[in-house]
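Single-letter residue listing:
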Amino acid sequence: METEIRLNYAALRWRLFRELRQQIGLLVLLLHVVDMADGHIRYSIPEEMKKGSVIGNVAQDLGLDLTRLRSGRARIVTGENVHYTELKTDKGILLVNERIDREQLCGDVMPCSFSFEMILENPMELHQITVEVLDINDHAPVFPFKDKPISFEISESAAVGVRFPLQSAEDFDVGQNALKDYILSANDNFVLKQQVNPDGSRYVEMVLHKPLDRERRPQFSLKLIAVDGGTPQRSGSINIAVTVLDVNDNDPVFNQSVYKTSVVENTKKGSSILTVNATDADSGSNGVITYSLSKMKGIADDIFTIDQNTGTIYVSGQIDYEKNKKYELRVEAKDQGGLTGIGKVIFDVVDVNDNAPVINVMSFSSLLSEDVQPGTTVAILNVKDSDSENNGQLKCSIDNKLPFAIESSLTNYYNLVSNQQFDRESISEYNITITATDLGSPPLSSSAQLHLKISDVNDNAPLFEKNSYSAYITENNPPGYSMFAVKAHDSDWNQNARISYLLEDTDVSGSPVSTYVSLNSESGVLSAIRSFDYEQFKQLQVVVKAQDGGSPPLSSNVTVKILIQDQNDNPPQVLYPVQTGGSVVAEMVPRSADVGYLVTKVVAVDVDSGQNAWLSYKLQKSTDRVLFEVGLQNGEIRTIRQVTDKDAVKQRLTVIVEDNGQPSRSATVIVNVAVADSFPEVLSEFTDFTHDKEYNDNLTFYLVLALAVVSFLFITCLVVIISVKIYRWRQSRILYHSNLPVIPYYPPRYSDTMGTGTLPHVYNYEVCRTTDSRKSDCKFGVAGSQNVLIMDPSSTGTMLRIQNEKSILDEPDSPLEDGGSPPLSSNVTVKILIQDQNDNPPQVLYPVQTGSSVVAEMVPRSADVGYLVTKVVAVDVDSGQNAWLSYKLQKTTDRALFEVGLQNGEIRTIRQVTDKDAVKQRLTVIVEDNGQPSRSATVIINVAVADSFPEVLSEFTDFTHDKEYNDNLTFYLLLALAVVSFLFITCLVVIISVKIYRWRQSRILYHSNLPVIPYYPPRYSDTMGTGTLPHVYNYEVCRTTDSRKSDCKFGMAGSQNVPDPSSTGTMQRMQHKMSILDEPDFSLEVHGLDSK
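Computed from a predicted model, the values in this text were never measured in an experiment.

(A) Molecular detail of the overall build of the chain. Across its full length, the chain carries eight helices and 65 strands. Taken across its 1092 residues, the chain has 34% of its residues classed as buried. Once local pairs closer than 6 in sequence are excluded, the contacts in the chain between residues at least 24 apart make up 67%. With an accessible surface of roughly 67,300 Å², the chain has 52% of that area assigned to carbon and sulfur atoms.

Written as structure tokens, this is what we have:
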């Protein structure tokens, strides 16, 4: 039993968007027929489906499962060479294998289909499959010779209803998609008629519907269009060209019935005057026209000729207005068919102006002052023309750009007058061309030239080339140096243009400008009288006057701004660190410092400007060059490697600060750095610095003390000498009046007792010790830097040290074990982070506070709002928010004038500086960190609001006096000490000289024969054989219990610890090394010996 399953699917349709895009056919599955007995299936598909498109599900339509297809090795068998289909056994579907073209497969046969068989094995089965290919409208109607148009030549006399057969189009599609109709493009003369052949094919004919007129439309361009019935509709076209042939049925016709024009007398022979034009609507030989002249009036045949081809009329004789004022001509136009047209031509003769005007100058003033008023007569002219009527009428004119006008006075007389004010400086002379023109056509003219000069009047002041000038001069210039030359010009002439240059009286910083610059009155060269200093003032303005030699003289001024350019004449000045003689340790670097650790920052300024003030920092000399580096631009001294225990404690860095001038200048600063973790370690290496600082700090005190002592000794010596003189004078007076014999006195001779000599020195020691330290350090009680530890000798202290250095920090991994057997353990790493505490106040680096500071900054009175006065630079060695610094203005002379930046410390003006503001301004800035509790530091800044230094000094004389006093104090002390010492030494020399002289006199008496009564002084005996104690000294000794060095220094002579000179005593020295230095608590004993 055979069952056909037909499945109809609506065809999917897409419209064609552009002609170049490919139309996609609609897939329509019309019918599936399944023959269950024979296995027959029928599918319908449109042509031109893409390869791989689905035709149908064979397995489903035959009732087979996919396993059967695979096990039966299903395949397609066809007798054709082209396999249009392909079976997918894994899915059971039938696919398009090759493009199917219905026209190629079946041609005109309908319906179009192809069949093939599908074979299955195990068991053997055979199924027939038929695929019907449906036509789509993929072909347009085509004319066989579409590239060659259809051409017809039809006479304009052809009768209505004549038929003209046309080509037929072909369409390969069938059915509804086949050729359906023909269309002829719109026109008035032809229509289209379609006919049917006995075989059913169509053909068309073109029929003449209305008569043709070649003169109206000689050609037709038509188009025949063939269309099919498909959707979308397709079409094809072919062009039709129709040419209308001519018939001689029109006469030549002129475009004008009468031609009228004028001709000028004396026109040259051969000149063309007029061209006539006739037209013939016919074509070919019927439209060819020839021209000729006939029945000419008078002697016109000798004067005019015509070109028979172009119709142009030429002059062939002499035209004279006086003989004939008008000519009339008759022109004929004839075609080749014998038809003729007639036209008329009239010529009016025009008179010619052949006489030019004549100009005569009756009066003329060749020199005219520039200050004459407008309306002044310059010249009188007489102008004539021998022509008549319009040709004899005259018009005089000059150039409109000239300041003159022509006025008519009498008949044929004209006056040349001025109509503007003259300016000789603009135009010093005029070339005036007077033109006389008649009113003829064409007009004739003649001209006369006048040369007028303008005399000068002093009406222009000298003018400088610029409104202001800027001159540049480098400071430290030699006097007499030519800086700049001004130049003015005067538009006047001769004496009125002679310019002299003068310098206006102005003041520069309270002094006349003539004390600074000079001006050459002839050349205008400005020269410097003195050498300028850029740091004193940066510019000055002078006013130069230029005056001419006219009467009265005229002048003008110009301002010359002389800008003094900076020269690199000032070396850099180091602001921080401050260099003093007593500097011990400027900075301290811990041995745990990492790479890049900021040691300190060198702050320097240069009073020069520009590149002369660009500073660079270099490390000139260093104890260890591979340990430190200095920032080239910022002066920051940082470590360039890890600090180790091998690095020396004492580091000395020499930093050179160099500017960018040519030649460059530099300054050096010495930075002492201590690489250590504790202060005792530092002091053991820097004792020489301590001594130097103590010396420098106490220099003034010692000078005063020395001056007092020397002065006391000098005065005492004078008093003793005077006393001895008075005493001896009194003794001499007594001896002079008595009869006692002279007993000479011999000084006693001293001998040692027990051979031990005297005890010339007494020592006094200060010992600083600690009770429980591994090291006991001693420091001299000298004012040092903030990093120096000062210990009071009268007190004791304890420095606790960690006895076990191997703490948890040295053992990052500490194992933790349980008590089991075997024990189990685990490790953990404990990271101890040391948190910062706000234990350091901010440190102000700039401005540096010194006792002799006069004026830190200077603000000109021309300073605008926001003017930068200075910048407070501070640092905080803490970290985190403890190091966040804020700047506040704590106190100020005028709070409404200055403000300080909260974050950057910049001090700026908050309003315009006025003349009412005080010169002396004192600002107190507090620098506060962000710690809890916060710490702060204050800095006092002296600001001078002035434009010149004299104005500042008048207000700050107290500071100047103090500074001068402090600077000169040491000098005066040294001078006074030298003078007193000189007098004292001179006095001693005189006394010794007198003593020697008298001693020699006494020796003379000793060897003489005079009786001598010896005088023996008492003999002193030593106590315990130690000898006498003729000198007393006082020493201060500083010792430590466990130090490598024990230092001592001499104290002042005559300390309070010195024993009484009238007694004797000894100081027993310790015989053993286990002395008081080994005892934490000791007492210093002085044993007194009883004198015998």
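There is more to say after this.
(B) Up close: the sheet that holds strand S11 (residues 190-196). The three strands lie next to each other as S9-S12-S11, forming an open sheet whose pairing is antiparallel. Since the sheet does not close on itself, it has two edges, and those belong to strand S9 (163-165) and S11, each with one partner. The average angle at which neighbouring strand axes cross in this sheet is 30°, direction not considered. Bridging between S9 and strand S12 (residues 202-208) involves three bridges; their strand directions are antiparallel. Looking at the pairing, Pro-165 lines up with Glu-205 of S12.

(C) Main features of the state of the cysteines. This structure, assessed with the given rule, holds one disulfide. Shown here is the disulfide that connects Cys-106 with Cys-112, its sulfur atoms set 1.7 Å apart. With the S-S dihedral at roughly 70°, the linkage between Cys-106 and Cys-112 falls on the right-handed side. Just so you know, Cys-987 is unpaired, no disulfide at all, and the nearest cysteine sulfur is the one on Cys-717, 3.5 Å from it. Cys-987 sits in the buried class, given a relative accessible area of 12%.

(D) A look at the pattern of salt bridges. This model, assessed by the stated rule, comprises 22 salt bridges. Between Glu-928 and Lys-888 there is a salt bridge whose closest N-O contact spans 3.8 Å. Placement of Glu-928 in strand S62 (residues 920-929) and of Lys-888 in strand S59 (residues 885-892) is noted, with a sequence separation of 40 residues between them. A residue is classified by how much of its surface remains accessible, and Glu-928, at 22% relative accessible area, is partly exposed. Looking at Lys-888, the relative accessible area reads 42%, which means it is partly exposed. For Asp-917, the salt bridge goes to Arg-911, with nearest N and O atoms at 2.7 Å. Looking at Asp-917, the relative accessible area reads 8%, which means it is buried. Overall, Arg-911 belongs to the partly exposed group, its relative accessible area being 24%. Through salt bridges with shared partners, a single network forms among Arg-73, Arg-75 and Glu-121.

(E) Looking closely at the confidence of the model for the chain. Scored by pLDDT, the chain comes out at a mean of 77, with 75% of its residues at no less than 70. With pLDDT under 50 throughout, residues 1-37 is counted as low confidence; its partners more than four residues away or in other chains account for 83 contacts.

(F) Just the side chain of Thr-654, in detail. Mapped onto the secondary structure, Thr-654 falls in strand S50 (residues 650-659). With near-sequence residues (within four places) excluded, Thr-654 lies in contact with Lys-618, Leu-619, Gln-620, Lys-621, Thr-668, Val-669 and Ile-670.

What counts, and at which threshold
Residues numbered from 1 in each chain as written. Predicted model: local features only at pLDDT ≥ 70, side-chain atom pairs only at ≥ 80, totals over all residues. Heavy atoms only, no water. Helix = DSSP H or I, 4+ residues; strand = E, 2+ residues; numbered from the N terminus. Buried < 20%, exposed > 50% of the residue type's maximum accessible area, 1.4 Å probe, protein only. Contact = heavy atoms within 4.5 Å. Areas by Shrake-Rupley, 256 points an atom, 1.4 Å probe, with all protein chains shown as cover. Pairing = 2+ DSSP bridges. Axes fitted to C-alpha atoms, helices over the stretch in contact; angles between N-to-C directions. Disulfide = S-S within 2.5 Å. Salt bridge = Lys/Arg side-chain N within 4 Å of Asp/Glu carboxyl O. pLDDT = per-residue confidence, 0-100.

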